[in-house]
Each structure stands twice: as structure tokens, then as C-alpha cells.
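Breakdown of the fold
This is what each chain is made of:
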Amino acid sequence: MIIKPKFRGFVCATAHPEGCAYLVKKQIQYVKAEQQLEGPKRVLVIGASTGYGLASRIVAAFGCGASTIGVSLEKNALHNTTATAGWYNTVTFEKEAAAAGLYSRSINGDAFSNEIKEKTIELIKQDLKKIDLVVYSIAAPRRTDPATGEMSSSVIKPIGKPFTSKTINLNSHDLYDVTLEPASEEEIRQTVKVMGGEDWQLWLETLENAGVLAEGVKTVSYSYIGPELTYPIYTGGTIGKAKEHLVATAKLLNDQLESVGGQAFVSVNKALVTQASAAIPVVPLYLMLLTKVMESKNINEDCIEQIYRLFADRLYAAGGRFDETTVIRIDDRELREDVQAEVLQLWEQVCSGNQDVSGAVERFRREFLNLFGFEYENIDYEQESEAEQGHPHIL
Ligand code: NAI
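All values reported here derive from a predicted model rather than from experimental measurement.

1. As for the layout of surface pockets
One simple way to see leftover space: roll a probe sized like a water molecule over the atoms. If you add up the space inside the second largest pocket, you get close to 730 Å³. Lining the second largest pocket are 31 residues; nearest its centre among them are Leu-23, Lys-26, Asp-302, Glu-367 and Asn-370. Secondary structure elements with two or more residues in the lining of the second largest pocket: α1 (17-33), α2 (51-64), α8 (283-296), α9 (303-315) and α11 (358-370). Residue composition of the lining of the second largest pocket, by class: 11 nonpolar, nine polar and 11 charged.

2. Let's talk about the packing of helix α5 (residues 185-195) against helix α7 (residues 238-256)
In the contact formed by α5 and α7, the axes pass within 8 Å of each other and the chain directions differ by 50 degrees. The angle between α5 and α7 places the two elements in the oblique class. The chirality of how α5 crosses α7 is right-handed. Each of Ile-188, Thr-191, Val-192 and Met-195 in α5 lies in contact with α7, whose residues at this interface are Thr-238, Ile-239, Lys-241, Ala-242, Lys-243, His-245 and Leu-246. For the contact of α5 with α7, the per-class residue count stands at six nonpolar, three polar and two charged.

3. Focus: the site of the ligand
With respect to spatial proximity, 29 residues lie near the ligand, and among them Ser-49, Glu-74, Lys-243, Leu-272 and Thr-274 are the closest. Within the side chain of Ser-49, a nitrogen or oxygen atom sits 2.6 Å from an oxygen atom of the ligand. Residue Glu-74 places a side-chain N or O atom 2.8 Å away from an oxygen atom belonging to the ligand. Taken by itself the ligand offers 840 Å² of open surface, and the protein chains cover 92% of this. Those elements giving two or more residues to the shell around the ligand turn out to be α2 and β11 (213-223). Here the shell around the ligand is built from residues that sort into 14 nonpolar, 11 polar and four charged.

4. Re the sheet that holds strand β13 (residues 327-329)
Spatially, seven strands are ordered β5-β4-β3-β6-β11-β12-β13 in an open sheet, and the strand pairing comes out parallel. Either end of the sheet is taken by a strand with one partner, and the two such strands are β5 (104-108) and β13. If you compare each strand with its neighbour and ignore which way they point, the axes differ by 20 degrees on average. The pairing of strand β6 (residues 131-136) with β11 spans five bridges and is classified as parallel. Residue pairing across strands places Tyr-136 opposite Ser-221, the latter belonging to β11. Packed on one face of the sheet, helix α3 (residues 85-99) meets β4 (67-72) and β5 and runs near 160 degrees to β5.

5. Some remarks on the pattern of salt bridges
All chains considered together, the criterion is met by 21 salt bridges. One salt bridge connects Lys-157 with Glu-187, and the closest N-O pair in it is separated by 2.9 Å. On the criterion of sequence distance, the pair formed by Lys-157 in the loop between β8 (151-153) and β9 (163-168) and Glu-187 in helix α5 is long-range, its members being 30 residues apart. On the basis of relative accessible area, Lys-157 is assigned to the partly exposed category, the value being 24%.

6. Quick look at the packing of helix α6 (residues 198-209) against α7
For the pair α6 and α7, the least separation of the axes is 9 Å and the interaxial angle reads 15 degrees. Considering their axes alone, α6 and α7 lie roughly parallel with respect to each other. Two packed elements cross with a definite hand, and for α6 against α7 that hand is right-handed. Mapping the contact onto sequence places Glu-198, Trp-200, Gln-201, Leu-204, Glu-205 and Glu-208 in α6 and His-245, Leu-246, Thr-249, Ala-250, Leu-252, Leu-253 and Gln-256 in α7.

Procedures and definitions
Residues numbered from 1 in each chain as written. Predicted model: local features only at pLDDT ≥ 70, side-chain atom pairs only at ≥ 80, totals over all residues. Heavy atoms only, no water. 1 Å grid on protein atoms, 1.4 Å probe; cavity = no way out; pocket = protein on both sides within 12 Å on 5 of 7 lines; lining within 4 Å. Points joined across faces, edges and corners; volume = space filled by probe spheres on them. Helix = DSSP H or I, 4+ residues; strand = E, 2+ residues; numbered from the N terminus. Nonpolar A, V, L, I, M, F, W, Y, C, P; charged D, E, K, R; others polar. Axes fitted to C-alpha atoms, helices over the stretch in contact; angles between N-to-C directions. Parallel < 35°, antiparallel > 145°, perpendicular 65-115°, else oblique. Left-handed = near helix turned anticlockwise from the far one by under 90°. Contact = heavy atoms within 4.5 Å. Near = heavy atom within 4 Å. Polar contact = N/O pair within 3.5 Å; in protein donor to acceptor, adjacent residues only side chain to side chain. Areas by Shrake-Rupley, 256 points an atom, 1.4 Å probe, with all protein chains shown as cover. Pairing = 2+ DSSP bridges. Salt bridge = Lys/Arg side-chain N within 4 Å of Asp/Glu carboxyl O. Buried < 20%, exposed > 50% of the residue type's maximum accessible area, 1.4 Å probe, protein only.

Worth remembering: the numbers are spatial, not functional.
Have a look at this one:
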């Protein structure tokens, strides 16, 4: 089938197998060209198919030589649709890992369920015996609590009062004001249920009870803080409440993991174009300007550069020492004073109509489409592609 991008709201409903494969291979190449790390050898990544989770799996496997098990929720092609980008990414990861002689298995299913947790533990017991690192990198719109059957949805809203800011129409390039109404108490509670630390803690408890956590195990989950510009919609909003819960969970996990000498961390990462972040109002415009400024200073990073640095300079730094306890800041370059001052200046110019953003919008669109395997110059999109793909290691 000939595959082109098809938009449905904020998401692209199609994905290109060869394009996704290219994106994964490019990240693998980046890691292989860096110094190999003395890192974990048996790694479980929950949310392993796209964004920060995929980058974590690639750094673990190709940067540390680790065996990896990845859990994610993706779809293969059916009838006239393509598979999701995360599905093609996982197929490529499995092929590349096998070619490099690395153990790798991917479990496709709902990570929030007991069933998938049990399936993962069975696989660990059978193949890896113990786990040295658990990366938790889920971004999900909803979650069913396995104990009660209650379904919660996450929303991205401010708290306390409405928030008005500039946002951009990615198709027409028009700037317009968007006002977001504050969340209700119930919406806040549900967002924390989905994006807070409850499921992370459940995973660690289940793994510990099954006896599959190695002595000195580490676990890390990802957060974002960002600048004042996005504060009302992010850190000060519903998602920020969920991230506060994540940090509180990390502290609890640190106590819980004492029996195996383990440590839990929340790594605060840089804002990046991913399927999750593109859907947040205001954030795309900020991201466009941030990329422009960070590039001009030669300090821009993508998921793979961020996670390599997280492993190399923090989690597995030579000598095992780094300053932070529990909360790691790998967003240091994004939040540098000079970077933020220039972003703010550009933001004001854009909002007063004194700065042409069409170049930055085009770039954002391209990066967004890249996530689905589109807009790569070296790929011929007029060629037929095999939409349905599989790999025996996807379980
Ligand atoms: P993403 O949308 O690229 O990846 C989400 C992953 O979760 C995918 O592998 C998906 O398959 C998996 N997933 C979703 N629901 C699932 C379910 N029910 N069962 C199993 N797997 C499921 O997201 P991204 O942006 O990489 O986010 C990951 C984490 O990083 C989130 O906690 C996010 O808040 C955080 N973060 C993201 C930043 C950004 O700018 N994108 C910045 C800093 C932190």
C-alpha cells in the first residue's frame, strides 16, 4: 500500500514502516557512536515504543549491551489501516537487537492491567531472572484501575482559574488566543490516577513480590517542569499535580526498595516534540521557539541525546556519583537563563506580530510527521510499503 499522512485532530492516523525504521536506526547509530557505558544489563522499559521510553531502551541495549524487555500498547495494521508508529518502531528495534546479538522481547498490551504485569514477570523469570533497571515512561489518556475497575481519564487543564495564551494553528500558521477553563476537583483526581505514580508503584511492588528485582536495582520515571510561560498549563495545572504525585511516589519507592538496596528517581527532561506533547495547547509554540534558540547555541537535544546524557552523566556516571537524590535535572540546558531570556523575547515578538514564525512552524510540522515516519528526504513515499509487519519477539 502507498502510505501518506492522514490527520485526525492532533494525531496522525497513519505511520510509515520504512520511515519509522529510519528514525529508530538513526537513534541506534547515535548511541553506537558514543562511548559504551558501564550500565545495567537486564532492563525493563514500560512505555518502550516511542519518545523517551524508546530512547531509554535504545541507550540500554546499544549503549550498555543490556538485554531488554519493552512493554507498550500499539496496534498492527488491520484491513486498510497502517500499524501505529510505535508498532513499527518496536519491529525495527527487535530486528536490530537480534542482528546485534542482544536479547530482546516486546510485550504488547495494557501496562496498567494485572495480566500484563504477570505476563512480564513470567518472561523475566523464564529468561532474565532479575532486573537491574526499570524505566517507567507511560503517557496515556486513560487508565483502568485493576483493583476497582474504575476508568480514569487525564486532562490537560489549568487549576484554580482560566488561562489565556497564544497558541498556533499548525495548518494555517495562524496565531490565536486560546482560553482554557480550570479543571474540576474530579478532573484533577483522575489525571493524577492516570499520570501520577500509582501504577509505577504497583509495578515495583509486583516485581519485588515476585523476587525479580536485582540487588541495587534502579528505577526511573520521567517528568517535566519547564518555564513560567507554560507554568499555568503544565506544572501549575493538572499534569503538574500528577508529576508531584510521581515525585512523592519516588520517595516512597526509595523506602520500599531498601530491602534490595534499590533507588528510585524522577528525571526531569527537556520538552520535546512527541505524540504526547504536541497535543498540549501553547506547548507547540513554545517548543518551536525553544528549538530555534537552543539550535542557535548548538545545545539542542532530542530524546536520544537526553537519555544518553541521563545514563552517562547521572544514573550510571563513572564512579557512580552524581549530586541529585530522587529528582534528577536533565532539563538544565532548556532552563538556562540565556536560553529562556531569548525564548521569552521571541515569544513577545511573535505575539506582537513582529517575528515571522513560518520557518519554525514548518520545522515543527516536519518533526511531528517524522514521529510517524514521514517527511524523510531519503524515503520514497510513492513506493508500495508492506503495512502489516511483525516479529516473533513481539508477544
Ligand atoms: P509517548 O507518547 O512518545 O510514549 C508513550 C509510551 O507509553 C508509548 O510507548 C505507548 O505505547 C505507551 N503506552 C501508553 N499507554 C499505554 C498502556 N496503557 N499500556 C502500555 N503502554 C502504554 O510519550 P513521551 O513524550 O515519551 O512521554 C513519556 C514520559 O515522559 C511521560 O511521563 C511524559 O510526561 C514524560 N516527559 C515528556 C516530555 C515531552 O516533552 N514529550 C518532557 C518531559 C517528560
